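Tertiary structure, described
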Amino acid sequence: MFYQRPLNARSSSRHLARGLRTSPASSRAEVLPELVPSGASTLRNRIRERISRIDAERGASVSSFLIDTFKRQHTYLRISLTERCNLRCFYCMPSEGVELSPPDHILSDDEVIRLATLFVKSGVTKIRLTGGEPTVRKGIVDIVGRLNELRKYGLQSIGMTTNGIALHRKLPALIENGLTHLNISLDTLDPFKFEIMTRRKGHDAVLRSLEAALAFRELLSVKLNVVVVKGLNDHEVIDFVEMTKERDISVRFIEFMPFTGNKWDKVKMVPSSELLGRICARYPTARKAPDELNDTARSYIIPGHAGSFGFISSMSDHFCGSCNRLRLTADGQIKVCLFDAKEISLRDEMRAGATDGTLLATIGRAVMGKKEKHAGMEDIDVVTNRPMILIGGVHRRGLLQSIKRSPAMRFLAILPVQPPRPAAVRCFSTTVGTGNTASRPPRLTHIDESGRPTMVDVARKEPTNRCATASGRIIIPKIAYDLVTSRSSENDSHDRYVDTDAASVRKAKEKTRSKGDVLTVAQLAGIMGCKRTSELIPLCHPLQLSHISVTLHPEASQARAASGAPSIDAGQGFSGSTRSGIGIRQAQPLVYSIVCRSTVSCEGKTGVEMEALTAVSVGLLTVWDMLKAVAGKEMVIGEIMVTRKEGGSSGRFVRTDL
């Protein structure tokens with residue numbers, strides 16, 4: 001493990017001076033308070049008093065455009081230099097990958113410097129470069145050098161957050177050009193687990209960069225960011241803390257946060273208070289260190305350790321009241337909160353010829369719209385907000401199968417065992433495709449470049465013959481199956497499903513029969529739904545359909561229970577499986593279902609898959625409605641899929657895995 005290979009020790013005074021810049025001596029450390037609500041009020045009051053005192057001293061130097069309605073002064077700017085990254089961390093990038101902005105949408109070096117200059121002249125004293133991965137940005141060394149020239153306007157520090165993969169080669173030049181603070185992201189000390197979490201190799205390269213960074217006396221701070229995920233790497237917390245014994249480093253444990261596509265779940269998040277309890281059980285002498293004003297982390301030191309550790313508790317104990325951060329995305333949008341989807345484009349205004357005064361007014365409007373605090377952890381917008389990789393801040397088959405069987409991996413979303421077809425999904429990729437259509441990466445065709453919903457333009461397409469078939473199934477208990485097949489009227493007196501009052505069951509059957517023939521009504525409903533698809537699905541084109549076929553037929557078959565399928569008591573003839581007749585032992589109970597199939601065709605400029613799927617969906621929903629009096633709690637609708645399509649640029653498709 002990395003922490004078992006100490007570097008050459010430097011003096012402890014320098015360790016503390018760099019690791020805890022606002023804490024020159026451990027004697028000033030406070031007695032360790034617990035991270036519990038009971039002490040939160042006192043701590044907040046002390047923070048507010050300190051902020052007010054310092055704001056009063058330097059308030060005149062911060063432009064009113066950087067002060068929000070809650071009197072927070074925004075002196076810290078995070079600039080994303082690129083959307084690209086050389087890792088694919090699951091909590092940062094959705095498993096299906098992300099679509100990159102076109103190159104001409106990314107801010108140029110001159111545009112980055114112009115905006116940075118405007119922010120610094122308005123009161124920003126700290127700039128941090130992020131990504132994507134900032135080291136993959138061409139010219140990053142020159143950008144740091146140009147930012148360093150802003151010190152004459154009040155800039156005090158230039159930091160960078162990096163994954164460390166390619167850092168060690170560029171670090172000397174970056175420091176020479178003015179880099180003062182460095183954060184390296186490393187979530188595990190296990191090389192194998194590193195590949196799981198990042199979907200790439202490179203663990204040794206990150207450790208090499210960390211060693212190189214610690215060797216530079218010019219860096220005022222070196223921090224290690226660790227995103228903690230329950231059941232995955234939370235047991236490594238003590239190992240990370242042990243790294244601070246001989247190293248002048250601040251290890252910061254970050255709570256797993258929700259972003260678009262990262263499958264966040266509350267059960268995966270380990271509250272910082274729980275981690276602190278574990279650490280204190282191992283190191284009972286740990287003490288609270290004085291925090292820097294507006295710091296996101298609550299820091300702690302252990303007597304005798306050269307470094308420190310801390311917690312960024314965005315979910316369990318947010319620090320919104322002292323937030324002084326603004327974010328500039330790689331494509332030039334200003335974000336006032338990491339968890340707020342709202343953005344305003346400074347790039348578009350610059351390229352339209354806006355003056356610095358106009359840009360500053362736009363910044364001011366954005367800052368004034370900043371809320372007092374972000375939403376609770378379960379209410380954060382993960383639909384319209386960007387994935388983390390766009391804000392800033394493939395394995396062998398056998399290997400994946402063994403990982404999925406591991407209990408420790410049960411919370412981690414991984415690639416399917418069967419890899420997708422190359423033309424179907426751009427997994428874990430941020431590469432922009434070029435050339436013909438077949439080589440281009442997939443994109444959401446109903447989303448425009450600004451992320452807003454839009455209807456696909458088919459004006460230039462030539463009409464062709466289109467056809468699609470879809471199918472679906474509704475699992476029903478035997479009592480409903482008998483009603484549909486008209487056999488139950490003869491057997492009401494011998495009803496073996498009655499476990500309460502026979503009269504109530506007969507009444508429910510009569511109510512169901514009074515609605516009419518189930519399959520006929522469902523067939524008509526499916527046809528009607530098919531013709532109204534464009535009214536039900538907002539971005540579907542209205543089509544002149546030439547043919548609609550909807551069929552429903554009951555099935556009773558012996559089947560093996562499908563993995564993950566619902567299971568109902570076999571005595572009711574409902575096994576939960578939706579497959580029929582392959583390798584079944586005769587002892588298995590019967591599965592009763594109604595299968596709906598729809599085939600739709602037209603001559604048009606776009607396909608009819610949605611029309612076929614709508615017909616099946618509406619048909620099965622109608623069956624559910626017709627039978628709910630006797631089977632409302634037991635029916636399950638599923639397996640709705642396109643089984644065949646013809647026509648269009650993608651050609652013919654037939655589903656073969658049925």
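Please refer to the structure placed before this passage.
Anyway, here's the lowdown on the structure attached to this text. Bear in mind the structure is a predicted one, so any value in this text is a computation, not a measurement. (Residues numbered from 1 in each chain as written. Predicted model: local features only at pLDDT ≥ 70, side-chain atom pairs only at ≥ 80, totals over all residues. Heavy atoms only, no water.)

Details of the sheet that holds strand β12 (residues 344–345)
Strands sit in the order β7-β8-β9-β6-β5-β4-β3-β2-β1-β10-β11-β12 across an open sheet of twelve strands; the sheet is mixed. Taken across any chain shown, the strands that pair with only one partner, and hence form the sheet edges, are β7 (287–288) and β12. Direction of pairing for strand β1 (residues 76–80) relative to strand β10 (residues 325–328): parallel, over a ladder of four bridges. Pairing of L77 across the sheet is with L326, part of β10. Lying over the sheet, helix α4 (residues 140–148) contacts β2 (126–130) and β3 (157–162), oriented at roughly 155° with respect to β3. In the packing of helix α9 (residues 272–282) onto the sheet, contacts are made with β5 (221–228), β6 (250–255), β8 (298–301) and β9 (308–312), and the angle to β9 comes to roughly 160°. (Pairing = 2+ DSSP bridges. Helix = DSSP H or I, 4+ residues; strand = E, 2+ residues; numbered from the N terminus. Contact = heavy atoms within 4.5 Å. Axes fitted to C-alpha atoms, helices over the stretch in contact; angles between N-to-C directions.)

Comments concerning the sheet that holds strand β14 (residues 545–558)
Ordered by their spatial adjacency, five strands build an open sheet running β14-β15-β13-β16-β17, and the pairing between neighbours is antiparallel. Both outer strands of the open sheet, β14 and β17 (653–654), are each paired with one neighbouring strand and no more. The pairing of strand β13 (residues 464–475) with strand β15 (residues 590–604) spans twelve bridges and is classified as antiparallel. In the strand pairing of β15, I474 is matched with I594. Packing against the sheet, helix α15 (residues 518–531) makes contact with β14 and β15, and its axis sits at approximately 140° to β14. Running over the sheet, helix α17 (residues 609–631) touches β13, β14, β15 and β16 (636–646) and is turned about 25° from β13.

Regarding the side chain of R473
Within the element layout of this structure, R473 appears in strand β13. Looking at R473, its side chain comes within polar contact range of the side chain of E555, at 3.0 Å. Polar side-chain contacts of R473 include one of 2.9 Å to the side chain of S593. (Polar contact = N/O pair within 3.5 Å; in protein donor to acceptor, adjacent residues only side chain to side chain.)

In short, shape yes, function no, at least from these values alone.
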